[in-house]
Amino acid sequence: MNIKIKTSEGDIIVRLFDETPKHRDNFIKLVKEGFYNGTLFHRVIKDFMIQGGDPDSKGASMDKNLGSGGPDYTIPAEFYMQKCFHKRGALCAARLGDDVNPTQESSGSQFYIVWGKCYSSNELKQIERQLNMQQEQKVFQSLLKSHRDETMELRRNRDHERLLELHEQLINEAKSYCKQHPLTFSAQQIKTYSTIGGTPFLDNQYTVFGEVVEGLDVVERIQQAKTNRNDRPINDISMAMEII
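Residues numbered from 1 in each chain as written. Predicted model: local features only at pLDDT ≥ 70, side-chain atom pairs only at ≥ 80, totals over all residues. Heavy atoms only, no water.

The chain is annotated in an unreviewed UniProt entry as Peptidyl-prolyl cis-trans isomerase from Segatella salivae DSM 15606. The Sequence similarities (unreviewed entry) field of the UniProt record for the chain holds the comment "Belongs to the cyclophilin-type PPIase family." UniProt, in the comment section headed Catalytic activity (unreviewed entry), describes the chain in these words: "[protein]-peptidylproline (omega=180) = [protein]-peptidylproline (omega=0)". (UniProt positions renumbered as here; feature names shortened; annotations may be inferred.)

Here is the structure:
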């Protein structure tokens, strides 16, 4: 399924991925409803990405804080790191940070299109290590949550020794799981990130659910727009969408 994003800087055509059906179907639903028509690209960071989809951005004054608007639901994460990754032109779901959103669920409407930069092989290896460290912490937190009742009981009983043993056990389980399921960049990812560019450090952190198939030059122009201190373009860049 292809969607045309008509902007004041030109048209962008994106293809939605079947590998991420929850995000695909939600995006199509919102486009059909006209949800995005009149909204802005409210957050633009040069050499990084362009973000839109906040309904509060319609007709918003320049002093209005944007970025928290959306429908009253989120979408479960759909990570397929080696197939749906953050290459230049990737269409991705924005979300709240891990501190308030540990399951990394996506915003119901906000999205961003990647610009990024090219990376050397050494830089990609370092990012890969960081992704695995983040994955290990994520698995540990999940295990800790599953042992919440036991942990609370040990704390009530002030059984610090057993509590420490449990934490050590869960840390080892997380390390073992991640060692058996390492996050690695595919040969295609390495080639793409080193020659075309993107934001590899966001892989397995934010859902990628589509890609630009036409109009990457429009994305380039938008990401170069002059912005204020809140990363909002000085001159509003509005959008409307239609299914094609």
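A. The arrangement of helix α5 (residues 187-195) in detail. Residues of α5 that are buried: Gln189, Thr192 and Tyr193. The arc that holds every buried residue of α5, seen down its axis, measures 95 degrees, which confines them to one face. Exposed side of α5, more than 90 degrees from the buried face: Ala187, Lys191 and Thr195 are the residues found there. Packed against the buried residues of α5 are α2 (121-146). In the segment just after α5, Gly197 is the residue with positive phi, at about 105 degrees. (Buried < 20%, exposed > 50% of the residue type's maximum accessible area, 1.4 Å probe, protein only. Helix = DSSP H or I, 4+ residues; strand = E, 2+ residues; numbered from the N terminus. Arc of directions from axis to C-beta. Contact = heavy atoms within 4.5 Å.)

B. Structural context of empty space enclosed by the protein. Tallied over the entire structure, the rule returns two cavities of 30 Å³ or more. Space inside the largest cavity adds up to approximately 60 Å³. As for the largest cavity, its lining consists of His23, Asn26, Phe27, Tyr36, Ile75, Ala93, Ser107, Gly108, Ser109, Gln110, Phe111 and Phe209. A per-class count over the lining of the largest cavity returns six nonpolar, six polar and no charged. Space inside the second largest cavity adds up to approximately 40 Å³. If you go around the second largest cavity, the residues you meet are Glu78, Phe79, Tyr80, Met81, Cys84, His86, Asp203, Asn204, Tyr206, Thr207 and Val208. (1 Å grid on protein atoms, 1.4 Å probe; cavity = no way out; pocket = protein on both sides within 12 Å on 5 of 7 lines; lining within 4 Å. Points joined across faces, edges and corners; volume = space filled by probe spheres on them. Nonpolar A, V, L, I, M, F, W, Y, C, P; charged D, E, K, R; others polar.)

C. Structural context of the nonpolar core. Judged by nonpolar contacts, the single largest core of 27 residues is most densely connected at Ile12, Phe27, Tyr36, Phe41, Phe111, Ile113 and Met241. Sorting elements by how many residues they give to this core places helix α1 (residues 21-33) first, with four residues. Those residues within four positions of Phe41 in sequence are excluded, and the remaining contacts are Ile5, Thr7, Ile50, Gln51, Gly52, Phe111, Ile222, Pro233, Ile237 and Met239. (Core = buried A, V, L, I, M, F, W, Y, C linked by side-chain atoms within 4.5 Å.)

D. Expanded view of α1. Helix length check: α1 (13 residues) gives 18 Å between terminal C-alpha atoms against 18 Å at 1.5 Å per residue, within 8%. Of the residues making up α1, those classed as buried are His23, Arg24, Asn26, Phe27, Ile28, Leu30 and Val31. A positive backbone phi angle near 75 degrees is found at Gly34, which sits one or two residues after α1. (Expected span 1.5 Å × (residues − 1).)

E. Fine view of the pairing of strand β1 (residues 2-7). Only one face of β1 is buried: it carries Ile3, Ile5 and Thr7, and the other face, with Asn2, Lys4 and Lys6, is open. Bridge analysis of β1 against strand β2 (residues 10-16) gives six bridges, and the strand direction is antiparallel. Following the sheet pairing, Lys4 is matched in β2 by Ile13. Hairpin connection of β1 to β2: two residues between the antiparallel strands. Where β1 meets strand β10 (residues 239-243), five bridges bridge the pair, whose relative direction is antiparallel. Bridge pairing in β10 links Lys4 to Glu242. (Pairing = 2+ DSSP bridges.)

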